[in-house]
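Tertiary structure, described
Listed here are the chains, written in short residue letters.
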Amino acid sequence: MAASLQTKIVFPVLSTLKLPYLELVRWKSRGLFVRRKKPIKKWFDPKDTSWAEPILKHKKLKESQPEPEPSMLHMVYRMKSHYTRPYWEKDILKEYGLFEKAYNPVVLKNTPEINEKLRIVKHLIRIKPITFPYGLPKDEKDYKHCYLKENGEFIVRHRINDESDEVAQAWAEVRVVEEQEEEEDIWKMDKETIQREARKTLLTYRLSQEYFREKYVYKYNQDGKEHRYTGKDRIASHRQDWY
């Protein structure tokens, strides 16, 4: 009773201060008491739409940008195991060379027929569009120095089409070096290979092994455990001799 009387006296005084975060609550067990209100969150107020500003900004930015053109080729590789998968999924992987090794990139055309089959096994593979940041190859000789990166970029290094005497002389020197490399015998050993093999022989304790070959002659009952072959105490002596 004393607590309820104190509340009745204190609450009118607090209400005169016009504090919006206080309210008078009545409980059966505790009677009348003052409870502090929780502040209203921004997302709880239906009139406050500040939380949607980043979403609307991203939507406007996406609409302002033009849609990218679809790539002509796909770089596809398998990243999950095909174990316990149905036979039709395995047939698709075998058809496009994705069954044997994982993370082995394969280049495929961007056609509706191929895309429909890749959609069936999309949970096993990863598809990246192939882009050409430096353009397409202009000559067949350009393919010699082209390579495909992991992010799908096809890097092309074009040959210099200059007919000056200096460039012609430089290309002639390069051509001579390339022809010499092709004509070199693949069985010819260089200094680095001989040093590497000699170091390997030394570390594995095989030095002069070809001159000291082991010729070991085993003798009858050399270990003194003939019972392994005829049995202990002549048990199973009816078996044939081991020698």
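Residues numbered from 1 in each chain as written. Predicted model: local features only at pLDDT ≥ 70, side-chain atom pairs only at ≥ 80, totals over all residues. Heavy atoms only, no water.

The test is simple: UniProt positions are given in the numbering used here, feature names are shortened, and annotations may be inferred rather than shown by experiment.
The chain is annotated in an unreviewed UniProt entry as Large ribosomal subunit protein uL30m from Biomphalaria pfeifferi. UniProt annotates the chain under Subcellular location (unreviewed entry) with the comment "Mitochondrion".

**Some words on the overall build of the chain**
Let me state the cut-off plainly: Secondary structure elements are defined from DSSP: runs of H or I of at least 4 residues count as helices, runs of E of at least 2 residues count as strands, and each element is numbered from the N terminus. The classification of residues rests on relative accessible area computed with a 1.4 Å probe and restricted to protein chains. Under 20% of the type maximum is buried, over 50% is exposed, and intermediate values are partly exposed. Surface accessibility follows the Shrake-Rupley procedure with a 1.4 Å probe radius. Residue values consider only the protein chains on display as shielding.
Looking only at helices and strands, the chain has seven helices and seven strands in total. Start at the N end of the chain and walk to the C end: the helices and strands fall as α-β-β-α-β-α-β-α-β-β-β-α-α-α. Out of the 243 residues in the chain, the part that is buried amounts to 16%. Accessible area of the chain: about 22400 Å², with a carbon and sulfur share of 55%.

**What about the side chain of His82?**
Basically, it comes down to this: Should any heavy atoms of two residues lie within 4.5 Å, those residues are considered in contact.
In this fold, His82 is placed in the loop between β3 (73-78) and α3 (87-95). Residue His82 is classed as buried on the basis of its relative accessible area of 16%. Those residues in contact with His82 that lie beyond four places of it in its chain are Lys90, Leu93 and Phe99.

**Here we look at the sheet that holds strand β4 (residues 106-109)**
What counts here: We call two strands paired when DSSP finds no fewer than two bridges between them. Inter-axis angles, ranging from 0 to 180 degrees, are taken between N-to-C directions of lines fitted to C-alpha atoms, where helices are fitted over the stretch in contact.
The strand order across the open sheet built from three strands is β4-β3-β5, with neighbouring strands paired in antiparallel fashion. Only two strands of the sheet have a single partner each, and these edge strands are β4 and β5 (125-129). Here the strands of the sheet are splayed against their neighbours by 35° on average, with no regard to which way each runs. Both β3 and β4 contribute to a ladder of four bridges, which runs antiparallel. Residue pairing in the sheet places His74 in a bridge with Leu108 of β4. Each of β3, β4 and β5 is contacted by helix α4 (residues 112-120), which is oriented at about 130° to β4, the strand it contacts most.

**Regarding the pairing of β3**
Burial of β3 is extensive: five of the six residues sit out of reach of the surface. Both β3 and β5 contribute to a ladder of five bridges, which runs antiparallel. Each bridged residue has a counterpart across the sheet, and for Arg78 the counterpart in β5 is Ile125.

**Focus: the pattern of salt bridges**
Convention followed: The salt bridge definition used is simple: a Lys or Arg side-chain nitrogen within 4 Å of an Asp or Glu carboxyl oxygen.
Taken as a whole and judged by the stated rule, the model has four salt bridges. With a shortest N-O distance of 2.8 Å, Glu116 and Arg119 are connected by a salt bridge. Pair noted here: Glu116 and Arg119 are both in helix α4, with a separation of three residues, about one helical turn. Among the salt bridges present, the one from Glu153 reaches Lys149, with a minimum N-O distance of 3.8 Å.

**Re helix α6 (residues 191-203)**
For the record, the criterion: The span one expects for a helix is its residue count, reduced by one, times 1.5 Å.
In a regular helix each residue adds 1.5 Å, so 13 residues correspond to 18 Å; α6 covers 19 Å between its end C-alpha atoms and thus fits that length. Looking one or two residues beyond α6, the residue adopting positive phi is Tyr205, at roughly 55°.

**Here we look at the nonpolar core**
Filter applied, for reference: Only buried residues count toward a nonpolar core, which is a set of Ala, Val, Leu, Ile, Met, Phe, Trp, Tyr and Cys residues joined through side-chain atoms within 4.5 Å.
In terms of nonpolar packing, the biggest core is built from 13 residues, with Val76, Leu93, Tyr96, Leu98, Leu108, Leu118 and Ile125 touching the most fellow members. Of all elements in the fold, only α3, β4 and α4 reach the threshold of two or more residues within this core. Those residues in contact with Ile125 that lie beyond four places of it in its chain are Val76, Tyr77, Arg78, Met79, Leu93, Leu98 and Leu118. Counting six residues, the second largest nonpolar core, distinct from the first, contains Met75, Tyr77, Ile130 and Phe154.

**Examining the packing of aromatic side chains**
Put simply, the test is: Centres within 6.5 Å make a pair out of two Phe, Tyr or Trp rings, where for Trp the six-membered ring is used; the pair is then stacked when the planes are under 30 degrees apart, edge-to-face when over 60, and tilted otherwise. Geometrically, a lysine NZ or arginine CZ counts as sitting over a ring once it is within 6 Å of the ring centre and also within 35 degrees of the ring normal.
The final tally for this structure, using the stated rule, is three aromatic pairs. Relative to Trp88, the ring of Tyr87 has its centre 5.1 Å away and its plane inclined at 80°; by these criteria the two rings are edge-to-face. Its end group placed over the ring of Phe99, Lys94 keeps NZ or CZ at 4.8 Å from the ring centre.

**As for a nonpolar patch on the surface**
Filter applied, for reference: A residue counts toward a patch only above 30% relative accessible area and without a salt bridge, and it is joined to like-charged neighbours within 9 Å or, for Val, Leu, Ile, Met, Phe, Trp and Tyr, to nonpolar neighbours within 5 Å.
A cluster of nonpolar side chains, Tyr87, Trp88 and Ile120, forms an exposed patch at the surface whose accessible area comes to about 350 Å². Its place among the elements puts Trp88 in helix α3. By relative accessible area, Trp88 is classed as partly exposed at 45%.

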